[in-house]
Protein chains: 2
Amino acid sequence: MKPKITLKDIARELDVSISTVSKALKNSKEISKDTKDRIKAFAKFYNYRPNNIALSLKNKKTKNIGVVIPDIVHHFFTTVFRGIEMYANKMGYNVIVCISDESFDKEVINMEMLANGSIDGFILSLSAETQRRNDFTHLKELLDQGIPIVLFDRITEEIECDKVILNDAEIACEAVNHFIKSGCRKIALITTENYFNVSESRKDGYAVALRSNNIEIDQNLILTLPHEIDNTDVMTKFFKENSIDAVLCVNEIFAIQSMSVIQHLGFNVPSDISIIGFTDGILSRYSSPKLSTIAQHGQEMGELAAKLLINRMESVEVIEEPFKTEIINATLIKRGSSIN
Amino acid sequence: MKPKITLKDIARELDVSISTVSKALKNSKEISKDTKDRIKAFAKFYNYRPNNIALSLKNKKTKNIGVVIPDIVHHFFTTVFRGIEMYANKMGYNVIVCISDESFDKEVINMEMLANGSIDGFILSLSAETQRRNDFTHLKELLDQGIPIVLFDRITEEIECDKVILNDAEIACEAVNHFIKSGCRKIALITTENYFNVSESRKDGYAVALRSNNIEIDQNLILTLPHEIDNTDVMTKFFKENSIDAVLCVNEIFAIQSMSVIQHLGFNVPSDISIIGFTDGILSRYSSPKLSTIAQHGQEMGELAAKLLINRMESVEVIEEPFKTEIINATLIKRGSSIN
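Reading the values: rules and limits
Residues numbered from 1 in each chain as written. Chains lettered and ligands numbered in written order. Predicted model: local features only at pLDDT ≥ 70, side-chain atom pairs only at ≥ 80, totals over all residues. Heavy atoms only, no water. Core = buried A, V, L, I, M, F, W, Y, C linked by side-chain atoms within 4.5 Å. Buried < 20%, exposed > 50% of the residue type's maximum accessible area, 1.4 Å probe, protein only. Contact = heavy atoms within 4.5 Å. Least-squares fit on C-alpha atoms with pLDDT ≥ 70 in both. Buried area = accessible area lost by both parts, 1.4 Å probe. Salt bridge = Lys/Arg side-chain N within 4 Å of Asp/Glu carboxyl O. Axes fitted to C-alpha atoms, helices over the stretch in contact; angles between N-to-C directions. Helix = DSSP H or I, 4+ residues; strand = E, 2+ residues; numbered from the N terminus. Parallel < 35°, antiparallel > 145°, perpendicular 65-115°, else oblique. Left-handed = near helix turned anticlockwise from the far one by under 90°. Nonpolar A, V, L, I, M, F, W, Y, C, P; charged D, E, K, R; others polar. Domains from an automatic or database assignment. Polar contact = N/O pair within 3.5 Å; in protein donor to acceptor, adjacent residues only side chain to side chain. Expected span 1.5 Å × (residues − 1). Arc of directions from axis to C-beta. Pairing = 2+ DSSP bridges.

### Things to note about the nonpolar core
Reasoning step 1: With 148 residues, the main nonpolar core has I123, I190 and L248 of chain A together with I123, I190 and L248 of chain B as its most contacted residues.
Reasoning step 2: Excluding anything up to four places from it in sequence, I123 of chain A contacts I65, G66, V67, V68, I84, V150, F152, A305, A306 and L309 of chain A.
Reasoning step 3: Within the second largest apolar cluster, 42 residues are counted, among which are L139, L151 and I159 of chain A together with L151 of chain B.

### Side note on the relation of the copies chain B and chain A
Note on the chain copies: they are related by a rotation about an axis and a translation along it.
Reasoning step 1: Placing chain B over chain A gives an RMSD of 0.0 Å and needs a rotation angle of 180°, together with 0.0 Å of translation along the axis. These values place the two chain copies in the arrangement generated by a two-fold rotation axis. In terms of C-alpha distance to the rotation axis, chain B has V97 of chain B as its closest residue, with the C-alpha 2.5 Å off the axis.
Reasoning step 2: An overlap of 100% is found between the interface residues of chain B and their copies at the interface of chain A, pointing to a shared contact surface.

### Topic: the interface of chain B and chain A
Reasoning step 1: In this complex, chain B contributes 32 residues to the contact, which on the side of chain A involves 32 residues.
Reasoning step 2: When chain B packs against chain A, close to 2700 Å² is buried across both sides, 60% of that on carbon and sulfur atoms.
Reasoning step 3: At the boundary of chain B with chain A, the tally comes to four salt bridges.
Reasoning step 4: Across the salt bridge formed by D71 of chain A and R82 of chain B, the nearest N and O atoms sit 2.9 Å from each other.

### A short note on the packing of helix α5 (residues 75-90) of chain B against helix α14 (residues 298-314) of chain B
Between two packed helices, the angle of one axis relative to the other and the distance separating the axes together describe the packing.
All names here are of chain B.
Reasoning step 1: Closest axis-to-axis distance for the α5/α14 pair is 6 Å, and the angle between their directions is 45°. Relative to α14, α5 is oriented oblique. Judged by the sense of rotation from one axis to the other, the crossing of α5 with α14 is right-handed. Each of F76, T79, V80, G83, I84, M86, Y87 and A88 in α5 lies in contact with α14, whose residues at this interface are G298, Q299, M301, G302, E303, A306, K307 and I310.
Reasoning step 2: Its residues placed into classes, the contact of α5 with α14 shows nine nonpolar, five polar and two charged.

### Let's talk about the domain arrangement of chain A
Residues and elements named next belong to chain A.
Reasoning step 1: According to the domain assignment, chain A contains domain 1 (7-49), domain 2 (56-166 + 298-329) and domain 3 (168-296).
Reasoning step 2: One C-alpha centre belongs to domain 1, the other to domain 2; they are set 26 Å apart.
Reasoning step 3: With eight residues of domain 1 at the contact, the number on the domain 2 side is ten residues.
Reasoning step 4: Here domain 1 is connected to domain 2 by one salt bridge.
Reasoning step 5: Applying the counting rule to domain 1 against domain 2 returns three residue pairs in polar contact (both at pLDDT 80 or more).
Reasoning step 6: If you list the elements that add at least two residues to the side of domain 1 that touches domain 2, you get α1 (7-14) and α2 (18-25).
Reasoning step 7: No other element matches α2, which puts four residues into the side of domain 1 that touches domain 2.
Reasoning step 8: When the residues that make up the side of domain 1 that touches domain 2 are grouped by side-chain class, the tally is three nonpolar, two polar and three charged.

### Side note on the side chain of E141 of chain B
All names here are of chain B.
Reasoning step 1: Among the secondary structure elements, E141 is positioned in helix α8 (residues 137-144).
Reasoning step 2: Exposure remark for E141: the relative accessible area of 11% places this residue in the buried category.
Reasoning step 3: Beyond its immediate sequence surroundings of up to four residues, E141 is in contact with L7, S22, K26 and Y48.

### Details of helix α3 (residues 33-45) of chain A
Residue and element names in this part refer to chain A.
Reasoning step 1: Its 13 residues give α3 an end-to-end C-alpha distance of 18 Å, which sits within 8% of 18 Å, the value for a rise of 1.5 Å per residue.
Reasoning step 2: Every buried residue of α3 is listed here: T35, K36, I39, F42 and A43. Along α3, the residues classed as buried sweep out an arc of 140° about the axis, all on the same side. The outward face of α3, more than 90 degrees from its buried face, is lined by the exposed residues K33, D34, K44 and F45.
Reasoning step 3: Trailing α3 by a residue or two, N47 shows a phi angle of about 60°, which is positive.

### Some points on the environment of I119 of chain A
Residue and element names in this part refer to chain A.
Reasoning step 1: Within the secondary structure, I119 sits in the loop between α6 (104-115) and β3 (121-124).
Reasoning step 2: Here I119 falls in the buried class, since its relative accessible area comes to 0%.
Reasoning step 3: When the C-alpha atoms of I119 and N231 are compared, they prove to be 39 Å apart, with 112 residues separating the residues in sequence.

### Some remarks on the packing of helix α2 (residues 18-25) of chain B against helix α3 (residues 33-45) of chain B
All names here are of chain B.
Reasoning step 1: Contact geometry of α2 with α3 gives a least axis separation of 9 Å together with a crossing angle of 85°. Accordingly, the angle class assigned to the pair α2 and α3 is roughly perpendicular. Within the contact between the two elements, α2 uses T20, V21, A24 and L25 and α3 uses T35, K36, I39, K40 and A43.
Reasoning step 2: When its residues are assigned to classes, the contact of α2 with α3 shows five nonpolar, two polar and two charged.

### Things to note about the pattern of salt bridges
Opposite charge on two side chains permits them to pair, given that their charged atoms come into close proximity.
Reasoning step 1: Taken as a whole and assessed by the stated rule, the structure comprises 32 salt bridges over all chains.
Reasoning step 2: Note that K106 of chain B is salt-bridged to E85 of chain A, the shortest N-O span being 2.6 Å. On the criterion of chain membership, the pair formed by K106 of chain B in helix α6 (residues 104-115) and E85 of chain A in helix α5 (residues 75-90) is interchain, its members lying in two chains. This pair shows no difference in class: K106 of chain B is buried, exactly as E85 of chain A is.
Reasoning step 3: Taken together, the salt bridges that share partners define one network made up of K23, E30 and D135 of chain A.

### Brief notes about the sheet that holds strand β8 (residues 246-249) of chain B
Residues and elements named next belong to chain B.
Reasoning step 1: Taken together, the six strands give an open sheet; going across it, the order is β7-β6-β8-β9-β10-β12, and neighbouring strands pair in mixed fashion. Pairing within the sheet leaves two strands with one partner each, and these edge strands are β7 (222-224) and β12 (331-333). Direction aside, neighbouring strands of the sheet carry axes that sit 15° apart on average.
Reasoning step 2: Where strand β6 (residues 187-191) and β7 come together, three bridges link them in parallel fashion. Opposite L189, over in β7, you have I222 as the bridge partner.
Reasoning step 3: Of the strands in this sheet, β6, β8, β9 (274-278), β10 (292-295) and β12 touch helix α9 (residues 168-181), which is tilted by about 165° from β9.
Reasoning step 4: Each of β6, β8 and β9 is contacted by helix α12 (residues 252-264), which is oriented at about 160° to β9, the strand it contacts most.

Next up, the structure:
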């Protein structure tokens, strides 16, 4: 018997990307005929059958849930994981985690590996690269094979499945309104690239709050940074060159870095510049002053995602329920870094 | 065919602990004859065969490594995980994580689940409860079945396998000597229960440094706390009631909590009280003053653990190499919370 072959194996053997293999096997127009023929011939020779997975799965419940998150060193994702585990364990399920490290290839490889009989369903937050590429073939394939998926936080409209998200636009709007009520007018936003659905929604909320208070949006006050690396130099330039009296940051590490930069420049937080971040992590609680922040209720989000997945997996209805998108309401926690 | 039964199933059906089942099947003297008979009869009836796992495993390499860590919201463990992943991915292996949540039962259940054909070998740091109970039957069973295990950081002498540890005693001694050189004499230790091998080693190092500088060990200056919860009240009492000029904390969160308590009591860090913590995480870098700390080089530790495991798994020697314990040298990073 020939060994069982995976998308990853085909990609490696033919020296193409996993995405190319996946698209070629789906007969995508994006891939040239030559490449498609080569990939299909290879897949056929080695008897590649994605549907094997689903068959083996249908017959044997593992009582395991696979979780794929973009980053393990991240308070929000780890609290979501805790919530998933709490609910899943209570319902008799174990949880296995894989980390995509924000990489499309690792997301695909990990999901393919887990789908190979180890788990009954997935809970997933998309990697940065997957969102940037807008390529969701691997998710579509698993869903086609009858493996249920729940997306949380970083989701896409292109996949039909159960989803759990935060009211990102609304809560960003609430945070900016809080700045405005305390007298701030020159309000900055430090955010990540727009291909993150969450960053886009938060930016929308920021813009809505400014407009509804008749404050013009100043593009110079919107700083877009790479995802969560040390941006001290860029931030220093930003706060030096612009007159700013408040800043909303789309994650905790940007907020803490901003505070450090602002204090280093000799400004006082919050009397000169107020700060609000996203994610009520441990950094926010031990900074000085303590950081005003948006609690995302990760644990609640995780519990809800697990509940949606387990309901879907254990459903015995012939006609499946329509997919749901549940919204978690974030909470603005006012602490020392903003004026009340 | 009867369904495949696990230790967890037997424990649940007979309403006993997993540890009891495991010991009974090993014919341990700790378990009463009645209980043993009952468990063995049940296991026999359902055809429980732990060795099945090893057989299926020997025949089919998964190219997956299972990692079991006590906690996901923990800088040290997540950086070790990163190191494991970096090395493993480079060598063509995927990594699956399960979290024991410091629970013996969850450690056993997760390892049993992963050993069931999903992985080729384990990298593990023992849960608090496993260390407290001193029960390693589940590890012995897996090793007997030919599944290699590498232990890191929280290890035990009772299991023969490859291990990676930190020079905990030495580096704690170095930290205390650093305090003494800067003129401190009343040096406190904030630590966790002694059943953690790492806490015990760090306490040993603390004692050695004091003794070799002719400073008597004052038991009142050693505060033993539950593992990483909020201990603000106990710490406040500790720093109020004792005259202390320096404190060594066995983890980052104790150090940050101490700093917050000390500053709240009106003392200055470091001129009144110096602080050194373990784990060079993000908290240490963004506190004010920045925290002097012991870098545990988690990534290096993870890479080394993965290397030991993969070498062992890929070894084709008939006579196996003897097990190794590799020691990572920690580094004392001097920042603002201690006097240089």
